[in-house]
Amino acid sequence: MADPQLDALVKAGLQSLLVYPSDAEYTERQRSYWAANAALGPKAIVLPRTAEDVSRIVKALAEVDGKAAIRSGGHMQWAGANDIHDGITIDLGRMTNVTYDSQKKLASIQPGARWGHVYDALEPHGVCVAGGRDANVGVGGFLTGGGNSYYSGRVGMGCDSVANFEVVLANGDIVNANATENPDLWKALKGGSGNFGIVTRFDLKTIPATPLWGGMRASPRSAGDAIVQSVVDFTNDNEKNPETAYIINFTYNPSVVPDVVIASVMVDTLGKEDAPIFENIKKVPTLFQDVKSRTISDIAKAYVLPSGLRQTWFTLSFKNDGDVVKKAGELHDQLVEELKALLPAQNFVTQCLFQPLPTFFAKRSVEQGGNVLGLDSVPDNALLWLLTGTVNTEEHEKIMEEKLSAFAKSLEEYAKSKGSDIPWLYGNYTDKTQCPFSSYGAANIDFLRKVSAKYDPAGMFQNKFVGGFKIPKNQA
Ligand SMILES: Cc1cc2nc3c(=O)[nH]c(=O)nc-3n(C[C@H](O)[C@H](O)[C@H](O)COP(=O)(O)OP(=O)(O)OC[C@H]3O[C@@H](n4cnc5c(N)ncnc54)[C@H](O)[C@@H]3O)c2cc1C
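Residues numbered from 1 in each chain as written. Predicted model: local features only at pLDDT ≥ 70, side-chain atom pairs only at ≥ 80, totals over all residues. Heavy atoms only, no water.

A.B. asks: Which residues make up the sheet that holds strand 16 (residues 310–319), and what values go with them?
C.D. replies: The antiparallel open sheet is built from 8 strands, whose spatial order is 15-12-14-13-17-18-16-19. Edge strands, defined here as strands with exactly one partner in the open sheet, are strand 15 (288–294) and strand 19 (421–422). Where strand 16 lies against strand 19, 2 bridges are found, and the strand directions are antiparallel. Of the residues in strand 19, the one forming a bridge with Phe-318 is Asp-421. Sheet strands in contact with helix 8 (residues 224–237) are strand 12 (212–220), strand 13 (244–252), strand 14 (261–268), strand 17 (349–357) and strand 18 (382–391), and its direction is about 150° off that of strand 13. Along the sheet, helix 11 (residues 322–342) contacts strand 13, strand 16, strand 17 and strand 18; its crossing angle with strand 17, the most-contacted strand, is approximately 170°. (Pairing = 2+ DSSP bridges. Helix = DSSP H or I, 4+ residues; strand = E, 2+ residues; numbered from the N terminus. Contact = heavy atoms within 4.5 Å. Axes fitted to C-alpha atoms, helices over the stretch in contact; angles between N-to-C directions.)

Here it is as structure tokens:
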């Protein structure tokens, strides 16, 4: 039976860019999603190579009924984020070029590149960019969703380094969005995800590629109190050492260690070994550690989270309150015990992470033109929390979802009871049941709606390109 979307793409001369469920490349692309639960089996995948290809695809799909999704690296973990079952997936995975303009000091990066490749391509030029901390994460979703990096204290979120987006709009026009050309679109794309068009190139400001110093340390669960204090102190002091970054993670990963441990990652992006901010952290006992001088590429490749498994994530944010971190650690201990009773012990992994989100990160963003994340309205030094659960089967994923959702509720209630909750949700970490845009503030939502109405008056990226988080229709 004729399919209007496929017919339109073929009529537009795009047959050679299409792969179907019977093709080996289709299977390869579906397997390349980070989370197995994100791959939904579209009726076809279209794989553009250039911005002109993307433009022709958008124009062809605009003429007919049917839904579509956009995918760059395919790392967003929830079903519906970057793929679609009954529609077409526009997969930017063949668009991976990285070039460097030494005059302008800008790196031009296509959206399907992964950060490890980006760092490798820029290293010979002596520069790097504020990108992902895991080498396999994709560029397109990370930068349009925000992008928290080891460099956030120096240059704000990854999206704040974007000097120019090349974007394909709903009418197929290929435009630039920067501080002087389409500046409203430029700002909206810094956190507004796939709501306005398809970004086909990011021109990113670069940073000198000095070697970093840092890496992971794993501490016994019994060191919990010292670690909790360390993240609270770091968050309060980070502005004095904006070149440093720190993350803590209560984690159960029985293939590495049979018990819950607390992994932490500390990084000095200027390569100093003895930053005073890490003095107390270094005193916390460790089971093992991997802290050394290294390149950004090396550290990003050292901590790649395995793909092809079923993933559930929840996120929240809190004031920089050690009691909330302690409570999360206790809830995580309980979670692991409950899951051990429900799932084979070797068959699940959990992480309960806290990342400093001090107010000065948002200052860095505002200095560079601002974004739509709304962090500039958060008055307190905050902690960004992420809870993840990894399993192998759909049945276990349901159990994980239920348990993680209950955990998030309990922690949120606890934080609320102390006045330590912050209603901010990071869109690149949210579960499908959470709504990041609603947490970015009424003014930002209003702005996003206006930009959408201006650049996409028929609402194609709201109604037809349904993958990912859409701008809430009702007033938040
Ligand atoms: C292992 C792992 C590590 C991570 N580490 C970090 C980290 O250090 N810091 C951090 O901030 N986040 C991190 N994340 C979250 C990550 O930023 C998001 O998953 C991000 O969306 C991944 O980018 P992607 O290109 O793979 O996105 P995809 O999954 O391909 O797409 C995600 C969303 O972005 C939209 N989108 C993608 N490309 C485009 C485009 N070209 N134009 C318009 N819209 C587009 C899509 O519509 C989709 O809704 C991590 C995720 C994982 C799984």
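A.B. asks: Tell me about the sheet that holds strand 5 (residues 98–101), residues and numbers included.
C.D. replies: Strand order in this open sheet of 5 strands is 5-6-10-8-9, and the pairing throughout is antiparallel. Each end of this open sheet is capped by a strand with a single partner; those strands are strand 5 and strand 9 (174–178). Taking each pair of neighbouring strands and ignoring which way they run, the sheet shows an average axis angle of 20°. Bridging between strand 8 (residues 162–168) and strand 9 involves 5 bridges; their strand directions are antiparallel. Counterpart to Asn-164 in the pairing with strand 9 is Asn-178. Against the sheet, helix 3 (residues 51–62) contacts strand 8, strand 9 and strand 10 (198–205), and its axis sits at roughly 45° relative to strand 8.

A.B. asks: Mind laying out the site of the ligand, listing which residues take part and the relevant values?
C.D. replies: The environment of the ligand is formed by 34 residues, the closest being Ser-72, Asn-82, Arg-133, Asn-148 and Tyr-426. Interatomic distance of 2.9 Å between a backbone N/O atom of Gly-141 and an oxygen atom of the ligand. Between the ligand and the protein, one listed contact pairs an oxygen atom with a side-chain N or O atom of Tyr-426 at 2.5 Å. When the free accessible area of the ligand is taken as 950 Å², the share hidden by the protein chains comes to 98%. No other element matches helix 5 (residues 139–145), which puts 5 residues into the shell around the ligand. Split by domain, the shell around the ligand shows at least three residues from each of two domains, domain 1 (4–93) and domain 2 (98–208). (Near = heavy atom within 4 Å. Polar contact = N/O pair within 3.5 Å; in protein donor to acceptor, adjacent residues only side chain to side chain. Areas by Shrake-Rupley, 256 points an atom, 1.4 Å probe, with all protein chains shown as cover. Domains from an automatic or database assignment.)

The quantities given are spatial measurements derived from coordinates; they are silent on function.
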